[in-house]
Structures are given as structure tokens and as C-alpha cells.
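Structure at a glance
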Amino acid sequence: MTTRPLAAVLAATAARRPAHPALICGSETVTYEQMWERARTWAAVLRRHGIGPGDRVALLIPNTPDFPAAYYGVLALGATVVPLNTRSRAAEIEFVLRDSGARALICAADVLEHGAPAATAAEVALFTVSGRGNGAVRLDTAAAPIADYHRGSPDDVAAILYTSGTTGRPKGAMLTHRNIVTNIEVTAVSPFDVRADDVLLCCLPLSHTFGQTCGMGAFFLAGATVVLTDRFDPATALELMAGHGCTVFMGVPTMYHALLAELGSGTTPAPRLRRVFSGGSALAVPVLEQVRHAFGCEVYEGYGLTETSPCVAYNQPGRPTRPGTVGFPIEGVEVAIARADLEGAIELLPTGELGEVVIRGHNVMAGYLGQPAATAEVLVDGWFRSGDLGVLDPSDGYLSLVDRKKDVIIRGGYNVYPREVEEVLLRHPAVAQVAVIGLPDPLLGEEVCAVVVPAAEGYDALAEELLALGRGELASYKRPRRIEFIGELPLGPSGKVLKRELAGRLRLAVLP
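An account of the accompanying structure is given in this report. (Residues numbered from 1 in each chain as written. Predicted model: local features only at pLDDT ≥ 70, side-chain atom pairs only at ≥ 80, totals over all residues. Heavy atoms only, no water.)

1. Here's the deal with the overall build of the chain
The secondary structure content of the chain amounts to 14 helices and 27 strands. For the chain, the C-alpha radius of gyration of 23 Å lies close to 24 Å, the compact-globule estimate for 512 residues. By its C-alpha atoms, the chain is 70 × 55 × 45 Å across when sized along the principal axes. Per-residue burial over the chain gives 58% buried out of 512 residues. (Helix = DSSP H or I, 4+ residues; strand = E, 2+ residues; numbered from the N terminus. Rg over C-alpha atoms; globule rule 2.2 N^0.38 Å. Buried < 20%, exposed > 50% of the residue type's maximum accessible area, 1.4 Å probe, protein only.)

In C-alpha cells, the structure reads:
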């Protein structure tokens with residue numbers, strides 16, 4: 001079967017359900033017909049200024065109806081979208097514009113402060129959807145919409161998504177129409193089981209693959225409704241769920257911690273949902289169980305990466321969920337475990353052994369833009385090397401993630417997996433969040449340190465209680481010898497904890 005272009009996801013639903021709400025954002029409701037017309041109108045303006053098939057267009061737009069209009073408008077021309085997080089600063093934006101070879105930047109008015117100088121420095125055309133100045137061309141001007149979307153090859157690059165760059169300069173993962181459309185079509189059926197009457201609360205940034213593909217893409221495909229908010233605030237999120245009759249929520253673990261804390265204050269009741277999905281990083285089993293109880297529905301935890309479009313595996317409807325695992329590979333994707341210490345080749349391990357998670361299937365990227373060496377390091381013998389450590393259950397095939405290979409702490413020659421230690425410490429009722437990291441030690445190489453966000457003030461005795469919990473629950477080489485407290489953990493654009501930033505702060509003794 002030939003994969004259709006990514007723009008067809010919106011076009012087909014607009015033809016099928018024209019009057020149904022596609023997006024609700026604040027006081028604005030946009031139907032599918034209106035969204036597709038806006039996208040085609042903006043495409044016409046872009047075409048008038050020379051943008052066409054194969055061109056790369058960067059988007060610096062927050063979670064508003066302008067994002068999908070620009071996203072699908074660019075795709076309708078056969079061009080490639082390069083989404084950027086709106087928290088990026090001018091130097092970061094300029095890097096991506098130059099690295100991607102973008103011809104244009106579409107920038108929301110409220111981030112022109114950083115977008116405009118970056119566009120000028122990179123010598124790319126600047127477009128905006130409102131406001132004037134900075135030499136930007138307005139997209140929201142009168143124009144006749146283009147008649148239809150461009151039909152290219154399924155292997156054309158639809159999007160270039162930049163990795164977080166925690167270990168160096170960000171890399172642009174090239175995702176084809178086949179990659180993204182197939183991932184949307186598969187996951188909309190399972191695990192997400194999206195129904196036409198579903199209403200999703202999306203607090204995830206649309207610039208990131210989780211919100212963009214799993215949220216916007218899958219729900220647009222099904223003709224469901226997305227309630228969009230630019231910033232995650234737990235009280236606001238609960239109000240929106242109740243006010244709009246939301247049936248589904250997708251989030252990262254830090255969001256679930258915040259929602260539970262808000263519900264614990266007793267000021268806002270928990271709405272009833274049909275299902276909840278977690279991704280981005282591991283959701284501790286005690287937290288998962290609290291979320292399930294609070295919202296009265298099943299919690300499905302899964303696994304994906306920017307380079308895999310993103311979904312790889314998920315706990316899925318129709319099969320028993322297994323808290324602490326990320327379930328089964330989605331349809332058309334194969335997962336195996338390989339030796340983690342072997343460079344330049346793939347040596348698969350027997351089921352049940354711990355190693356590096358490797359992936360192959362329709363979801364694996366075409367490569368890193370302009371980086372053949374980096375591409376060759378991760379695309380080996382037809383497999384994508386994820387950098388994550390995991391194990392497949394020999395009895396039923398559930399995939400469990402242990403940790404990122406680069407996050408493993410080596411203490412005195414023994415491997416310590418932070419997630420295992422974090423799960424133990426989270427059992428203490430006074431711990432709201434925790435991140436376990438390794439710090440340099442002159443004798444052992446690394447020492448285990450737990451950075452804790454306490455659930456309440458007054459934690460003078462908590463450090464000793466956590467040390468005692470470690471002594472009682474963990475082998476001697478695994479237990480933390482150092483406990484530090486922090487008001488909030490540093491997070492990346494996708495909501496992941498920035499452990500390297502934490503480690504850097506502690507080496508300089510500058511934890512707030």
C-alpha cells in the first residue's frame with residue numbers, strides 16, 4: 001500500500017467531518033474545514049514568496065491553532081517542516097536554521113524578539129501570522145487557498161526534528177512521510193484507540209514529537225477534538241478536562257506528579273477519563289497506580305524516540321497492562337536486545353538478557369541531516385541503536401526499560417541503574433519527585449546521589465530516612481550515599497529531567 005502524504009491526514013478529515021471541532025484553544029474553536037482552509041491559504045502566501053517542494057521551513061509557534069495551520073500548510077506545498085521549541089533563544093534558532101538549510105522561518109508575534117534576529121543572521125525569509133515589523137511577511141492576509149496538497153514520494157522528508165542536544169549540538173532527525181503517517185495510522189488504532197467522539201487535552205508542545213504525532217496527528221486522523229493549551233498548569237489542566245468533557249490525556253511523568261499534587265490539595269475534583277497515556281520517560285509504578293485511581297481509568301505507558309517517529313512500544317488495549325513496563329512493540333515494529341558494549345556491529349542477545357534496545361520497522365528515521373558518521377553509529381545492520389537499556393520478558397514479551405545507557409552509574413565497578421533506585425525512594429510519602437545521578441568519586445569512580453523534590457517543607461529528618469530506606473531495600477553498591485534537596489527538577493522541552501544539568505550544578509555546589 002502506498003503511503004499518502006502527511007498533509008492528507010488533515011485534508012481527508014476535513015472532507016469527511018468538515019463541521020466537527022478540530023481544535024479548541026481558549027475562546028477559539030476551529031473546525032476541520034476551517035483548519036484545512038487556513039492551512040491552504042497560508043500555503044498560497046508561502047508559494048507566492050517562492051516556497052515549494054523540497055524546501056525546508058522552520059516553525060517557531062506555540063500551542064495555538066496557528067501551529068497546525070502552518071505545519072499542514074508547509075506540508076501541503078511538498079516542503080519540509082522544521083519545528084522549534086518557542087523557549088529557544090536567538091543563537092539556538094540560528095543554529096537550526098543554518099543546520100537545516102531552512103529557506104524560511106514562520107514565527108509567532110510574541111517570539112519575534114528571538115526569531116527575527118535569528119532569521120536575519122541566517123539570511124532566511126521571515127513570516128509571521130500577526131503583528132508587524134522586523135521585516136516579516138504576514139501569512140494571515142487575503143489569498144486564494146491552493147487547490148490541493150502536493151503528492152510526492154513516501155520517502156520524501158516530511159519533518160526534521162532536532163534532538164535535545166544534551167550530549168552536544170542538536171542533530172536533525174529526518175522523518176519521511178512514510179515514517180510519520182504509518183506511525184499515526186498504526187497508533188491511532190492501538191495503543192491510542194482514538195474514537196471520533198474523543199476529546200484530548202494536549203498540554204504537550206506541538207513542536208515535540210509526542211504532542212505533534214501522538215496528539216495532533218493521531219487525533220486529527222480520527223476526526224476527534226484536541227483541546228490545546230500552551231503551558232501546562234495542573235489546576236488549569238483539570239479545569240479544562242472538566243469544562244470540555246475531555247476523555248483522554250497524554251503527558252510526561254512530571255505532569256502526572258503535578259496533577260496528583262493539585263488533586264491532593266483538595267481544591268479541584270478529578271474528572272473521569274476514558275484512558276491516560278504516559279511517555280517521554282519512566283513513570284514510577286506507585287505514581288501510575290495513583291493516577292489510575294485518581295482518574296478512574298487505565299494508564300498506558302509506552303516508549304518512543306524522536307528518531308522513531310516516535311512510537312516503538314506501548315501497553316495496549318486488549319492486553320493486560322503491566323505497570324513498570326512499556327508493553328509490546330506497535331504493529332510493524334520489531335524490538336530486540338543487543339550487546340550494549342559492542343561498537344560497530346549488532347549482536348542480539350537471548351530473550352531475558354539485559355542489553356541495548358534496538359529497533360527496526362517503518363518508524364525508523366532516514367538518518368541525521370548532514371551527519372553520516374552519527375547516522376552510521378546508530379543505524380547498524382538494519383537496526384536503530386536506541387541508547388536505552390532494557391529487557392524482554394522471556395515468558396510474554398513485555399519490554400522493560402532499565403535506563404539510558406549514558407545515565408548508568410558505575411560505582412566501584414558495579415552498574416547502578418538510576419531508575420531502580422528512584423522507584424525505591426518514591427515509596428517514601430514525603431518524596432514528590434527524585435532524580436538519581438552519579439557524581440565523581442576519587443575511590444569508586446562515581447557515587448550515587450539522589451536529588452529530591454520534597455512533598456512538603458520541613459525535611460530535616462528526610463535525608464536520614466531515605467538513606468535508611470536505601471539500606472533496607474537496595475544492595476550496598478546501589479544505595480545513595482548522598483541526598484540533596486531541590487525546589488524543582490530542571491526539565492527539557494519534552495518534560496524530561498535534565499540529569500546532566502543537575503550533575504553540573506552539584507559539582508559546582510550551586511543547587512538552589
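2. Describing the side chain of S100
Mapped onto the elements, S100 comes out in helix α4 (residues 90-100). At 2.7 Å, the side chain of S100 forms a polar contact with the backbone oxygen of V96. At 3.3 Å, the side chain of S100 forms a polar contact with the backbone nitrogen of A102. If we skip the residues at most four places from it in the chain, S100 touches R56, V82, Y162 and L369. (Polar contact = N/O pair within 3.5 Å; in protein donor to acceptor, adjacent residues only side chain to side chain. Contact = heavy atoms within 4.5 Å.)

3. Brief notes about helix α2 (residues 32-48)
Along its 17 residues, α2 runs 24 Å from first to last C-alpha, staying within 8% of the 24 Å computed at 1.5 Å per residue. All of the buried residues in α2 are Y32, M35, W36, A39, R40, T41, W42, A43, A44, V45 and L46. Among the residues trailing α2, G50 stands out with phi positive, at a value near 95°. (Expected span 1.5 Å × (residues − 1).)

4. Notes on the state of the cysteines
Inspection of every chain in the model, using the stated rule, returns zero disulfides. Cysteine C214 remains unbridged, with the sulfur of C311 as its closest cysteine sulfur at 3.6 Å. (Disulfide = S-S within 2.5 Å.)

5. Thoughts on helix α12 (residues 418-425)
Within α12, seven of the eight residues are buried, which leaves it mostly tucked inside the rest of the structure. Burial in α12 covers these residues: P418, R419, V421, E422, E423, V424 and L425.

6. Re the pattern of salt bridges
Note on pairing: side chains with opposite charge can pair once their charged atoms come close. Across all of its chains, the model carries 31 salt bridges by this definition. Among the salt bridges present, the one from R103 reaches D55, with a minimum N-O distance of 3.1 Å. Taken together, the residues span a long stretch of sequence, with R103 in the loop between α4 and β5 (104-107) and D55 in the loop between α2 and β3 (56-60) at a distance of 48 residues. Taking relative accessible area as the criterion, R103 reaches 41% and is therefore assigned partly exposed. Note on D55: relative accessible area 15%, which makes it buried. (Salt bridge = Lys/Arg side-chain N within 4 Å of Asp/Glu carboxyl O.)

7. Considerations on the pairing of strand β13 (residues 275-278)
On β13, burial covers both faces: R275 and F277 on one face and V276 and S278 on the other are all buried. Relative to β13, strand β12 (residues 248-251) runs parallel, the two being bridged by four bridges. The residue bridging V248 from the neighbouring strand is R275, located in β13. Crossover β12 to β13 through helix α9 (residues 253-264) is right-handed. With four bridges connecting them, β13 and strand β14 (residues 298-304) associate as parallel partners. The partner of F277 across the bridge, within β14, is Y300. Note on the crossover from β13 through helix α10 (residues 285-295) to β14: the handedness is right-handed. (Pairing = 2+ DSSP bridges. Right-handed = clockwise from strand over helix to strand, strands pointing away.)

8. Some points on the sheet that holds strand β27 (residues 482-485)
Backbone hydrogen bonds hold the strands of a sheet together, and the pairing may be parallel or antiparallel. Read from one edge to the other, the open sheet built from three strands follows the order β25-β26-β27, with strand pairing classed as mixed. Only two strands of the sheet have a single partner each, and these edge strands are β25 (431-441) and β27. Each adjacent strand pair in this sheet contributes to an overall mean axis angle of 30°, direction not counted. As paired elements, β25 and strand β26 (residues 445-454) share 10 bridges and run antiparallel to each other. Counted as the bridge partner of L439 is E447 from β26. Along the sheet, helix α14 (residues 499-507) makes contact with β25, β26 and β27, crossing β25 at roughly 65°. (Axes fitted to C-alpha atoms, helices over the stretch in contact; angles between N-to-C directions.)

9. Observations concerning the packing of aromatic side chains
As enumerated under the stated definition, the model contains 11 aromatic pairs in all. Summarising the aromatic geometry, the rings of F192 and F277 are spaced 5.0 Å apart at their centres and angled 90° between planes, so their arrangement reads as edge-to-face. Of this pair, F192 sits in the loop between α6 (177-189) and β10 (199-202) while F277 sits in strand β13, and the two are 85 residues apart along the sequence. By relative accessible area, F277 is classed as buried at 0%. Centroid distance F249 to Y256: 5.6 Å. Interplanar angle 85°. Geometry classified as edge-to-face. By the ring-pair criterion, three or more aromatic residues cluster together here, those being Y32, F67, Y71, Y72 and F220. The lysine or arginine in question, R319, covers the ring of F328, its NZ or CZ lying 3.9 Å from the ring centre. (Phe/Tyr/Trp six-rings, centres within 6.5 Å; stacked < 30°, edge-to-face > 60°. Lys NZ or Arg CZ within 6 Å of the ring centre and 35° of its normal.)

10. A few points about the sheet that holds β10
One open sheet accounts for nine strands, arranged β2-β1-β11-β10-β12-β13-β14-β15-β16; its pairing is mixed. A single partner strand is all that each edge strand has here, and the edge strands are β2 (28-31) and β16 (328-329). Pairing between strand β1 (residues 21-25) and strand β11 (residues 225-228): two bridges, direction parallel. By the bridge assignment for β11, L23 is matched with V226.

11. A closer look at the packing of α6 against helix α7 (residues 209-222)
Where α6 meets α7, the closest approach of the two axes is 9 Å, and the angle between their N-to-C directions is 70°. By the angle between their directions, the pair α6 and α7 is classed as roughly perpendicular. In contact with I180, N183, I184, E185 and A188 of α6, α7 contributes T213, G217, A218 and L221. Considered class by class, the residues forming the contact of α6 with α7 number five nonpolar, three polar and one charged. (Parallel < 35°, antiparallel > 145°, perpendicular 65-115°, else oblique. Nonpolar A, V, L, I, M, F, W, Y, C, P; charged D, E, K, R; others polar.)

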